[in-house]
Amino acid sequence: MKVLLTGGAGFIGSHTAVALLEAGHEIVALDNLYNSSPEALKRVEEITGKKAPLVVGDCTDEKDLRKVFEQYGHIDAVVHFAGLKAVGESVQKPLDYYQNNLDSTFTLLRVMRMYGCHALVFSSSATVYGTNQEMPLREDFPTGCTSPYGWTKWMNEQVLTDCAHADEKLKVVLLRYFNPIGAHESGRIGEDPAGIPNNLMPFICQVASGKLDHLNVFGSDYPTPDGTGVRDYIHVCDLAEGHVAALEYAMGHAGVEIINLGTGEGYSVLDIVHTFERVNGLKLPYQITARRPGDVAICYSDVTKAERLLHWHAKRNLEAMCRDSWNWQKHNPQGYGK
Ligand code: WQD
């Protein structure tokens, strides 16, 4: 298959590029480099020994998208990663998030149809499950969001579902990610957030490297074994391999499927802190502070559908996630140094 990765220079996009190339497929990335570096794709080529071309452009721009389809011959499928993704920022700038994250999908669908490309895997998020749910989360559970970012994912799922129902040729898989962390074992690609990280693991890595003074643990009074928030952390390489399986599934199945990509295991913030310390032989200074508004106590995945439909499950454990995260940070203290 030849696969277009929108947002392909990003954290999950670049790891998916490696997994696709290593599975014998071809890729081309379209990325506006708003929150990523072209260096990531150079390193994808270094890791795989294969071509990972990048077109710098915007998924909301029909000209940019058509350039990819014109320049790179027939594209068999698209993985749509491109989008704004900071939960907190989306509350401050809702219009930017709705415009960018929805326009990109509308434009992509139109251009795909122009060029006879009918398979799309969409980067959705467990955030669409909202709050007050029983665990583990299953794909047929009710949904509802707590941020404009989450609503853009939810709305994109609705748009893609309706388009797949209207067009018998369109094949869509909606992947709901849990908490991707870790990095490729080479330490050559990884998560490179702009500014102060919002998410736990990149924040921990910057504390470990001395870039940040200490970790604030957001709340220790949740109804969990140690009182801190519990999440389903999944190694980004497992997530990437899940995308390869989802693409191969999509090529053979019209319609739309929603599939969780998680491990089915929940770990607390302190589980992550202690595992990171043990695996990497260091101490992480932290303070317990107030809960972060909007956080849920517990969130982890029911993984049976991914196994049943994709014959895929996560293989890497929490130790590997902590080791690989630190390996990336240690060797790339300034990220890609953009
Ligand atoms: C994990 C746990 C925090 C930072 C978000 C988005 C989700 C997806 C993944 C995009 C929670 C705690 C965190 C810190 C802390 N993103 N924490 N101190 O909130 O589960 O999910 O990122 O798709 O859509 O909602 O991830 O890494 O921010 O938090 O104590 O400095 O770590 O309270 O329990 P989250 P996270």
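Treat the numbers as computed from the prediction; the structure is a model and nothing was measured. (Residues numbered from 1 in each chain as written. Predicted model: local features only at pLDDT ≥ 70, side-chain atom pairs only at ≥ 80, totals over all residues. Heavy atoms only, no water.)

Novice: Explain the packing of aromatic side chains to me, please; I cannot follow it from the model alone.
Specialist: Two numbers describe a pair of aromatic rings. These are the distance of the centres and the angle of the planes. All told, the structure shown has five aromatic pairs when counted by the stated rule. Ring geometry for Phe 69 and Tyr 115: centres 5.2 Å apart, planes at 25 degrees, overall stacked. Placement of Phe 69 in helix 3 (residues 62-71) and of Tyr 115 in the loop between helix 5 (94-114) and strand 5 (119-125) is noted, with a sequence separation of 46 residues between them. Taking the relative accessible area as the measure of exposure, Phe 69 reaches 4% and is therefore buried. Geometrically, the ring pair formed by Trp 328 and Tyr 336 is tilted, given 5.0 Å between the ring centres and 55 degrees between the ring planes. Given a relative accessible area of 3%, Trp 328 falls into the buried group. When the ring centre of Tyr 129 is taken as origin, the NZ or CZ atom of Arg 176, which lies over that ring, is 4.8 Å away. Above the face of the Tyr 222 ring, Arg 291 is positioned so that its terminal group lies 4.1 Å from the ring centre. (Phe/Tyr/Trp six-rings, centres within 6.5 Å; stacked < 30°, edge-to-face > 60°. Helix = DSSP H or I, 4+ residues; strand = E, 2+ residues; numbered from the N terminus. Buried < 20%, exposed > 50% of the residue type's maximum accessible area, 1.4 Å probe, protein only. Lys NZ or Arg CZ within 6 Å of the ring centre and 35° of its normal.)

Novice: Would you take a moment to explain the nonpolar core for this structure?
Specialist: A general tendency of soluble globular proteins is for nonpolar side chains to be buried together. Membership of the largest hydrophobic core comes to 45 residues, with the highest contact counts inside it found for Leu 5, Ile 27, Val 173, Leu 175 and Leu 310. The residues contacting Leu 175, other than those within four sequence positions of it, are Val 121, Phe 122, Ser 123, Ser 124, Ser 125, His 243, Ala 246, Ile 259 and Leu 261. (Core = buried A, V, L, I, M, F, W, Y, C linked by side-chain atoms within 4.5 Å. Contact = heavy atoms within 4.5 Å.)

Novice: Honestly, the side chain of His 235 in this entry has me stumped. Any pointers?
Specialist: Its location among the elements puts His 235 in strand 10 (residues 233-235). For His 235, a relative accessible area of 0% puts it in the buried group. A polar atom in the side chain of His 235 sits 3.0 Å from the backbone nitrogen of Cys 237. Within the structure, His 235 has its side chain in polar contact with the side chain of Asp 324 (distance 2.8 Å). (Polar contact = N/O pair within 3.5 Å; in protein donor to acceptor, adjacent residues only side chain to side chain.)

Novice: What is the right way to look at the site of the ligand in this model?
Specialist: By nearness alone, 18 residues border the ligand, and Tyr 149, Leu 200, Asn 216, Arg 231 and Asp 295 come closest of all. Relative to its unbound accessible area of 690 Å², the ligand is 88% covered by the protein chains. The element contributing the most residues to the shell around the ligand is strand 8 (residues 215-218), with four residues. (Near = heavy atom within 4 Å. Areas by Shrake-Rupley, 256 points an atom, 1.4 Å probe, with all protein chains shown as cover.)

Novice: Quick question: what am I supposed to make of the sheet that holds strand 5 here?
Specialist: Backbone-to-backbone hydrogen bonds pair the strands of a sheet. The strands run either parallel or antiparallel. With respect to topology, seven strands assemble into an open sheet ordered 3-2-1-4-5-6-11, the strand pairing being parallel. Both outer strands of the open sheet, strand 3 (54-56) and strand 11 (255-261), are each paired with one neighbouring strand and no more. Mean inter-strand twist for the sheet, computed between neighbouring axes without regard to direction, equals 20 degrees. Inspection of the sheet shows strand 6 (residues 171-177) paired to strand 11 by seven bridges, in the parallel sense. Bridging across to strand 11, Leu 174 finds its partner in Ile 258. On the sheet, helix 1 (residues 11-22) packs against strand 1 (2-6), strand 2 (26-31) and strand 6 and is oriented at approximately 170 degrees with respect to strand 1. (Pairing = 2+ DSSP bridges. Axes fitted to C-alpha atoms, helices over the stretch in contact; angles between N-to-C directions.)

Novice: What is the right way to read the side chain of Gln 206 from this model?
Specialist: With respect to the element layout, Gln 206 can be found in helix 7 (residues 200-208). Setting aside its immediate chain neighbours within four residues, Gln 206 contacts Gly 195, Pro 197, Lys 211, Leu 212 and Gln 329.

Novice: What's the story with the pairing of strand 4 (residues 77-80) in this structure? I'm lost.
Specialist: In the case of a regular strand, side chains alternate between the two sheet surfaces. Because side chains alternate across strand 4, one face comprises the buried residues Ala 77 and Val 79, and the other comprises Val 78 and His 80, equally buried. Two elements, strand 1 and strand 4, share four bridges in a ladder whose sense is parallel. Within strand 4, the position partnered with Leu 5 by the bridge is Val 79.

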